[in-house]
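The primary structure of each chain is shown beneath.
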Amino acid sequence: MMYNIRTGAQRVSFPEAVRLGIGKEQGLFLPERLRPLADLPALLDLPFAERSAGVLSHLVGSDVPPGNMRNMVEAAFDFPVPLEPVGESVYALELFHGTSLAFKDFGARFMAQCLGHFHDGGPMTILTATSGDTGAAVAQAFYNQPGIDVVVLYPKGRVTPLQEKLFCTLGGNVRTYAVEDDFDACQTMVKQAFLDPELVQTLGLNSANSINIARLLAQVCYYFEAAAQLPRGTRPVYSVPSGNFGNITAGLIAVALGLPVRRMIAATNANDTVPRFLAEGRWKPYPTVATMTNAMDISQPNNFDRVLALGKRHGVDLERLLVSVSLDDDDTRQAMLDLYDLDYVADPHTALGWKALKDDRTEGEIGVFLCTAHPAKFREDVEEVLDIDLELPDELAEVAEREVLSRTISSEFEDFRPLLLNG
Ligand SMILES: *Cc1c(COP(=O)(O)O)cnc(C)c1O
């Protein structure tokens, strides 16, 4: 069972929590019990998909039959997760080999499988607004899922051409609209649709929101993959580039399940609400500032409530385990250059995580930094900082050739509504 960390009293099954996304009073869901995995050594010897199905079944209990879980995981995690040495005693956990070239593929693809399996045969439409990245992960994840339509709104001309190619060239069950306005206007249109009972009912609207419990639990799996690829008995320091704090929350859940760790570093950019909170004990968000690690430009991270709940109700020793530091764009650029000297080309987010690890790690400790995006995804910055020409991976080179299928629309909800209803 899953429980609502705000109300405590609301308890729902895992499929219900996935369908709902968010609970009463805007509360987030977590599994009711987080017990250590039995026989971790045996689990670590299994292949990635088989082990991940085991971890996820342990987390959701009997709500999903193990055979179904296995099928869902195999369909969702259909790409490799390499752990590459970078310098001495440090490893890169590369989470960007999925279809949208970012770690969000794990969560988005698993959630798509869940909604595909749990939905009752009625209509279902995933409606989402994107400023670039989420759209690609969601559209690719739900592409060709039977019985599910996907509608993505994005601000015309304000996503990079490559980002647009990643989600606007699919066709099939994915419809994309380029809105002649900004991202906030797109989000407002999505909100208006969710306030329209006829639309919600007729289309079976679902937001595939980033705080969905399916996305979070999927991310627990790759921490165990790092452990599987390291020598047994290693207790590494993990560094996680953090924005909304979903990724680090998943890491702390893995710790509750028995993942061996020395500590976890949540590395933020100049949006440093959490590092200041941990240092001073006061929650005091400042206005969000724009940085070159823009996927982390968040000053009120939604998932931090979950982190606190893991400490308070699930016995995770946050004081001992959790460190949070803030780095700026100059640190990030320097880190990209330093990594390049070690023969590793990293995107800005990944480089920031590496730098936090480098500063915090002491002699003799093993470090793992999580690579959250492929460098080609942030090609302009990488080419400029490193003064190199970056080759696109094959998948990206191929979509870059395809035609954008989006329809351009205004931000008038009344014009959009019939399109949403009738396709
Ligand atoms: C989303 C994202 C992050 C931040 O992850 P959170 O789970 O929100 O902390 C970091 N890097 C990249 C490239 C991302 O897309």
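Our subject is the structure listed above.
Numbering of residues starts from 1 in each chain and follows the order in which that chain's sequence is written. The predicted nature of this model means local features are confined to residues of pLDDT at least 70 and side-chain atom pairs, given and counted, to a pLDDT of 80 or more, with totals for whole chains, interfaces and linings taken over all residues. The side-chain figures draw on all heavy atoms in the structure; neither hydrogens nor water molecules are used.

Q: Even after reading the chapter, I still don't get the site of the ligand, so can you show me in this structure?
A: Taken together, 15 residues form the shell around the ligand, and within it K104, G243, N244, F245 and N247 come nearest. Note that an oxygen atom of the ligand is positioned 2.8 Å from one of the backbone N or O atoms of N244. F245 is positioned with one of its backbone polar atoms (N or O) 2.9 Å from an oxygen atom of the ligand. The protein chains hide 96% of the 390 Å² of surface that the ligand would expose on its own. Only Asp, Glu, Lys and Arg are considered charged, only Ala, Val, Leu, Ile, Met, Phe, Trp, Tyr, Cys and Pro nonpolar, and every remaining residue, Gly among them, polar. Residues of the shell around the ligand, tallied by class, amount to six nonpolar, seven polar and two charged. Throughout this document, a residue counts as near a molecule or strand when at least one of its heavy atoms sits within 4 Å of that molecule or strand. Counting of polar contacts relies on pairs of N or O atoms within 3.5 Å, with two restrictions inside protein: one atom must be capable of donating a hydrogen and the other of accepting it, and residues adjacent in sequence are counted only when both atoms are side-chain atoms. For every accessible area listed, the method is Shrake-Rupley and the probe measures 1.4 Å; residues are considered covered only by the protein chains on display.

Q: For this particular structure, what's the right way to read the packing of helix α16 (residues 329-341) against helix α18 (residues 379-386)?
A: Two quantities define a packed helix pair, namely the angle between the axes and the distance from one axis to the other. One can describe the packing of α16 onto α18 by two numbers: an axis separation of 10 Å at closest approach and a directional angle of 70 degrees. If you check the angle between α16 and α18, you find them roughly perpendicular. Along the contact surface, α16 presents R333, M336, L337 and Y340, while α18 presents D381, V382, V385 and L386. Class assignment of the residues belonging to the contact of α16 with α18 gives a composition of six nonpolar, no polar and two charged. Every axis in this analysis is a line fitted to C-alpha atoms, fitted for helices over the stretch in contact. Angles between the N-to-C directions lie between 0 and 180 degrees. Helix and strand definitions here come from DSSP, where helices need a minimum of 4 consecutive H or I residues and strands a minimum of 2 consecutive E residues; each element is numbered from the N-terminal end. Just so you know how the angles are binned, under 35 degrees is roughly parallel, over 145 roughly antiparallel, 65 to 115 roughly perpendicular, and the rest oblique. Only heavy atoms enter the contact rule, under which two residues are in contact if any of them lie within 4.5 Å.

Q: Would you mind showing me how to read the nonpolar core here?
A: What tends to happen in soluble globular proteins is that the nonpolar side chains get buried as a cluster. If you look at the biggest cluster of nonpolar residues, it comprises 137 residues, and the most contacted ones within it are F14 and F110. Not counting residues within four places of it along the chain, the set of residues in contact with F14 comprises M2, V60, D63, V64, F110, C114, F118, I213, A214 and L217. In this text, buried Ala, Val, Leu, Ile, Met, Phe, Trp, Tyr and Cys residues form a nonpolar core when linked through side-chain atoms within 4.5 Å. For every residue, the accessible area obtained with a 1.4 Å probe (protein chains only) is divided by the maximum for its type, and the residue is called buried under 20%, exposed over 50%, and partly exposed between those limits. In terms of nonpolar packing, the next biggest core, distinct from the first, is built from 18 residues, A129, M189, L199 and F416 among them.

Q: Looking at this structure, how should I read unusual backbone geometry?
A: A negative phi angle characterises most non-glycine residues, just as the trans form characterises most peptide bonds. A positive phi is found at D343, a non-glycine position, where the angle reads about 70 degrees. When you line up the elements, D343 lands in the loop between α16 and α17 (348-360).

Q: Explanation requested: the side chain of Q10 in the structure shown.
A: Among the secondary structure elements, Q10 is positioned in the loop between β1 (2-4) and β2 (11-12). In this structure Q10 comes out as buried when scored by relative accessible area, which is 13%. In terms of polar contacts, Q10 uses its side chain to reach the side chain of N4, at 2.8 Å. Q10 has contacts with M2, Y3, N4, L20, G23, K24 and F29, leaving out every residue within four places of it along the chain.

Don't take any of this as a statement about function, it's just geometry.
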